[in-house]
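Architecture and fold: a report
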Amino acid sequence: LSDWSSDVCSSDLAPAGGPLDGYMAPVNIDYPYNDLGNFPTSDPTQCAQKCNDNAQCKLFVTANDSQNCWIKSDAQNKTPSAARNTYAKKGFNLP
């Protein structure tokens, strides 16, 4: 697997750390569509567990303005959003 896409600036990336060590977190970005499921939590640790439980999950998005998380099979339509944080599995190329 290759590392991060050159389309994602290194300044957009923050190591997730702790229970999220398998993820990188570009903050304030949303990737609408390709949802595998949504869950009533904005806790990234809980959402990461849901993503880890689904073999098709490559990333997840949490909401800052509500108690929601979406696990996703792919990343398309990169959209800046102060209300969203995207966590992608290391090795998955974000567009």
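As a reminder, the structure under discussion sits directly above these lines.
What counts, and where the lines are drawn
Residues numbered from 1 in each chain as written. Predicted model: local features only at pLDDT ≥ 70, side-chain atom pairs only at ≥ 80, totals over all residues. Heavy atoms only, no water. Helix = DSSP H or I, 4+ residues; strand = E, 2+ residues; numbered from the N terminus. Areas by Shrake-Rupley, 256 points an atom, 1.4 Å probe, with all protein chains shown as cover. Buried < 20%, exposed > 50% of the residue type's maximum accessible area, 1.4 Å probe, protein only. Lys, Arg positive; Asp, Glu negative; His and termini not counted. Salt bridge = Lys/Arg side-chain N within 4 Å of Asp/Glu carboxyl O. Contact = heavy atoms within 4.5 Å. Core = buried A, V, L, I, M, F, W, Y, C linked by side-chain atoms within 4.5 Å. Pairing = 2+ DSSP bridges. Arc of directions from axis to C-beta.

When its secondary structure is counted, the protein shows 1 helix and 6 strands. Of the regular secondary structure in the protein, the N- to C-terminal order runs β-β-β-α-β-β-β. Total accessible area on the protein stands at roughly 5,000 Å², and carbon and sulfur atoms take up 48% of it.

Here we come to the side chain of aspartate 30. Along the chain, the position of aspartate 30 falls in strand β2 (residues 27-30). Buried charge without a partner: aspartate 30 forms no salt bridge, and the closest opposite charge is arginine 84, 4.0 Å away. Discounting chain neighbours no more than four positions away, the residues touching aspartate 30 are Val61, Asn77, Lys78, Thr79, Ser81, Arg84 and Thr86.

A few words now on the environment of leucine 20. Secondary-structure assignment places leucine 20 in the segment before β1 (23-24). Leaving out residues up to four positions away in the same chain, leucine 20 has contacts with Pro44, Thr45, Ala48, Phe60 and Tyr87.

Here we come to the pattern of salt bridges. Enumeration according to the criterion identifies 2 salt bridges in this entry. Its salt-bridge partner being aspartate 35, residue lysine 72 comes within 2.3 Å of it at the nearest N-O pair. With lysine 72 in strand β5 (residues 69-72) and aspartate 35 in strand β3 (residues 35-39), this residue pair connects regions lying 37 residues apart in the sequence. On the accessibility criterion, lysine 72 (2% relative accessible area) is buried. Note on aspartate 35: relative accessible area 43%, which makes it partly exposed. One salt bridge connects arginine 84 with aspartate 65, and the closest N-O pair in it is separated by 2.8 Å. You can see arginine 84 sitting in strand β6 (residues 79-89) and its partner aspartate 65 sitting in the loop between β4 (59-63) and β5, a full 19 residues away along the chain. On the basis of relative accessibility, which here comes to 54%, the residue aspartate 65 falls in the exposed class.

Turning our eyes to something else, we now look at the nonpolar core. As a rule of thumb, nonpolar side chains are buried together in soluble globular proteins. Within the largest apolar cluster, 11 residues are counted, these being Leu20, Tyr23, Ala25, Cys47, Ala48, Cys51, Cys57, Phe60, Cys69, Ile71 and Tyr87. The element contributing the most residues to this core is helix α1 (residues 44-52), with 3 residues. Residues Ile29, Ala75, Ala88 and Phe92 belong to the second largest nonpolar core, which totals 7 residues.

To continue, consider the pairing of β6. The pairing of β1 with β6 spans 2 bridges and is classified as antiparallel. Each bridged residue has a counterpart across the sheet, and for tyrosine 23 the counterpart in β6 is lysine 89. With 3 bridges joining them, β2 and β6 adopt antiparallel strand pairing. Among the inter-strand pairings, valine 27 is bridged to a residue of β6, identified as asparagine 85.

What follows concerns α1. Buried residues of α1: Cys47, Ala48 and Cys51, and no others. One side of α1 holds all its buried residues, which, seen down the axis, span an arc of 105 degrees. The elements touched by buried residues of α1 are β1, β4, β5 and β6.

Fair warning: the whole summary comes from geometry, so function is off the table for now.
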